[in-house]
Amino acid sequence: MKKIKYLKIEQPIGTFYLTSIDASVLAKVATVERRHENPDAVQREQSTTRIKDIAKYCGDSDATFPTPIIIAVKEDADVRIDEDYILFNEDEVLGEVIDGQHRLEGLKASNYLSKFQMPVVLMFDLFPSQKAYVFSIINSKQTRVNMSLIYDLFALSDKRSPYKSCHEMARALNIEKGSPFSNRLKMLGKKEENQDFASLSQGTFIKYLLELITKNPDDDTRRIKNGESIEPNEKLVFRQYFIDNQDAVMFKIILNLFNGVRDAFETEWDNPKDYIISKPIGFGSVIKAYPTIHRIGVSQNKLTRDFFKDTFVNFKNYLELKDIKLTSEYFGSNEQARTKLSNLIIESIKPAANSGLA
């Protein structure tokens, strides 16, 4: 019999037991039952993407799962409780997972199962309705954390990561006088005092800027933390700068780029209530079009403010030719609208589209 220490906890729903179990043992004794297989089960279908992400995360040198997996112990399980220990047969099923199926399946899919002890709550004598209640309360009462705050917390890390680099660029652009984003980024996701023109959250800024650096920021972060190299990718125009620790170069390019945008669209940039160029859809569209702009600039040995200004003056002329205004009347706020606006930027700098506009 497997013997584990426990803490006894009394709450209105009844008595339950907090303990820790080796993940390799838990993988054998805990089952996951899903509603499409058993009408009394509470679990949703597995997300293979989430399981793969957790399996990768298990390889992080600081990987941690501090919240407990909740197990409804089977009525006929071979288990007993004495004053100091819970004893159970580790060759038989102990119970059903109420919360934590993806953590458990991710661990099982990784190569690190033996490295983890998992906090576990054991609940006895639960009816199907009580299982459903516990599951629904846990999963319906969670509040999603603002992504701007999550990105802001990367400033506390002592290791490089794409998230930290983007956060530091956002912070610098927000405080630098003369920056097009000076006091215009909502750093924690909400406007502060005297931020009347703030139209972009730090979370949105970083989400789009990451697209120039990485396809998988979590994987890059883990690799750097583990002392592994990250692979170059020519399609990601900022990636080599990041690999070479040239964050100052990325900062200067972004500063020049959006100063050029502001110079070309001065009225529109300073009127976010009426125009979208400084809002998420506009910022995201410029970033989406930037790889094309970047390659042209590099080929001409120009990534200057004037180069970007000329590029977006051409774009402005192109919009006037097509009688399109940068307002929500012409563009929505979804990814499709972002792609539409990005494509217009790219069309305006192609030789065929630039005829008569250069």
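Caption draft 1: Region of interest: the overall build of the protein chain. Summing up its helical and strand segments, the protein chain has 15 helices and 11 strands in all. Taken over C-alpha atoms, the radius of gyration comes to 26 Å for the protein chain, far larger than the 21 Å a tight globule of 358 residues would show. Among the 358 residues that make up the protein chain, the fraction classed as buried is 47%. Across the protein chain, the fraction of contacts at a sequence separation of at least 24, relative to all contacts at a separation of at least 6, is 70%. Accessible surface for the protein chain amounts to roughly 19200 Å². Of this, 47% is attributable to carbon and sulfur atoms. Placing the 50 positive and 50 negative side-chain charges of the protein chain at their respective mean positions leaves the two points 5 Å apart.

Caption draft 2: Structural detail: helix α14 (residues 335-349). With 15 residues, α14 should cover 21 Å at 1.5 Å per step; its first-to-last C-alpha distance of 22 Å lies within 8% of that length. For α14, the full list of buried residues reads A337, R338, L341, S342, L344, I345, I346, S348 and I349.

Caption draft 3: Inspection of helix α7 (residues 202-209) at higher detail. For α7, the buried fraction is high: 7 of the 8 residues fall into the buried class. Among the residues making up α7, those that are buried are Q202, G203, T204, F205, I206, Y208 and L209.

Caption draft 4: Spotlight on the pairing of strand β5 (residues 69-73). Most of β5 sits inside the fold, with 5 of its 5 residues counted as buried. Of the two faces of β5, the one carrying I69, I71 and V73 and the one carrying I70 and A72 are both buried. Inspection of the sheet shows β5 paired to strand β9 (residues 117-123) by 4 bridges, in the parallel sense. By the bridge assignment, A72 is partnered in β9 with M123. As judged from the 4 bridges shared by β5 and strand β8 (residues 95-99), these two strands associate in the antiparallel manner.

Caption draft 5: Structural detail: the pairing of strand β2 (residues 7-11). Here β2 lies mainly on the outside; 0 of its 5 residues are buried. The sheet contact formed by β2 and strand β3 (residues 14-22) spans 5 bridges and is antiparallel. Of the residues in β3, the one forming a bridge with L7 is L18. Between β2 and β3, which pair antiparallel in sequence order, lie 2 residues.

Caption draft 6: Up close: the side chain of S199. For S199, the position within the fold is in the loop between β10 (185-186) and β11 (200-201). S199 has contacts with R184, K186, P272, S278, K279 and P280, leaving out every residue within four places of it along the chain.

Caption draft 7: Fine view of the sheet that holds strand β7 (residues 85-88). With respect to topology, 3 strands assemble into an open sheet ordered β1-β7-β6, the strand pairing being antiparallel. The strands lining the two open edges of the sheet, one partner per strand, are β1 (2-5) and β6 (79-81). Averaged over neighbouring strand pairs, the angle between their axes works out to 20 degrees when direction is ignored. Relative to β7, β1 is paired through 4 bridges, and the arrangement is antiparallel. Each bridged residue has a counterpart across the sheet, and for K3 the counterpart in β7 is L87.

Caption draft 8: Structural view of the packing of aromatic side chains. Per the stated rule, a full pass over the model turns up 18 aromatic pairs. A centroid spacing of 5.6 Å and a plane angle of 80 degrees characterise the contact between F181 and F205, whose relative ring orientation is edge-to-face. Here F181 is found in the loop between α6 (162-175) and β10, whereas its partner F205 is found in helix α7, with 24 residues between them in sequence. With relative accessibility at 0%, the residue F205 sits in the buried group. Judged by centre distance (5.8 Å) and plane angle (65 degrees), the ring pair of F238 and Y290 falls under edge-to-face. Here F238 is found in the loop between α8 (217-225) and α9 (239-243), whereas its partner Y290 is found in helix α12 (residues 280-299), with 52 residues between them in sequence. Each member of the pair, F238 together with Y290, is buried. In textbook terms, an aromatic cluster arises when at least three aromatic residues are bridged by ring pairs, as seen for F181, F205, Y208, F258, W269 and F283.

Caption draft 9: Quick look at the sheet that holds strand β4 (residues 30-31). Read from one edge of the open sheet, 6 strands run β2-β3-β9-β5-β8-β4, paired in mixed fashion. Two strands bound the open sheet, and with one partner strand each, they are β2 and β4. Here helix α3 (residues 101-109) sits on the sheet in contact with β4, β5, β8 and β9, set at roughly 115 degrees to β8.

Conventions adopted
- Residues numbered from 1 in each chain as written.
- Predicted model: local features only at pLDDT ≥ 70, side-chain atom pairs only at ≥ 80, totals over all residues.
- Heavy atoms only, no water.
- Helix = DSSP H or I, 4+ residues; strand = E, 2+ residues; numbered from the N terminus.
- Rg over C-alpha atoms; globule rule 2.2 N^0.38 Å.
- Buried < 20%, exposed > 50% of the residue type's maximum accessible area, 1.4 Å probe, protein only.
- Contact = heavy atoms within 4.5 Å.
- Areas by Shrake-Rupley, 256 points an atom, 1.4 Å probe, with all protein chains shown as cover.
- Lys, Arg positive; Asp, Glu negative; His and termini not counted.
- Charge placed at Lys NZ, Arg CZ, Asp CG, Glu CD.
- Expected span 1.5 Å × (residues − 1).
- Pairing = 2+ DSSP bridges.
- Axes fitted to C-alpha atoms, helices over the stretch in contact; angles between N-to-C directions.
- Phe/Tyr/Trp six-rings, centres within 6.5 Å; stacked < 30°, edge-to-face > 60°.

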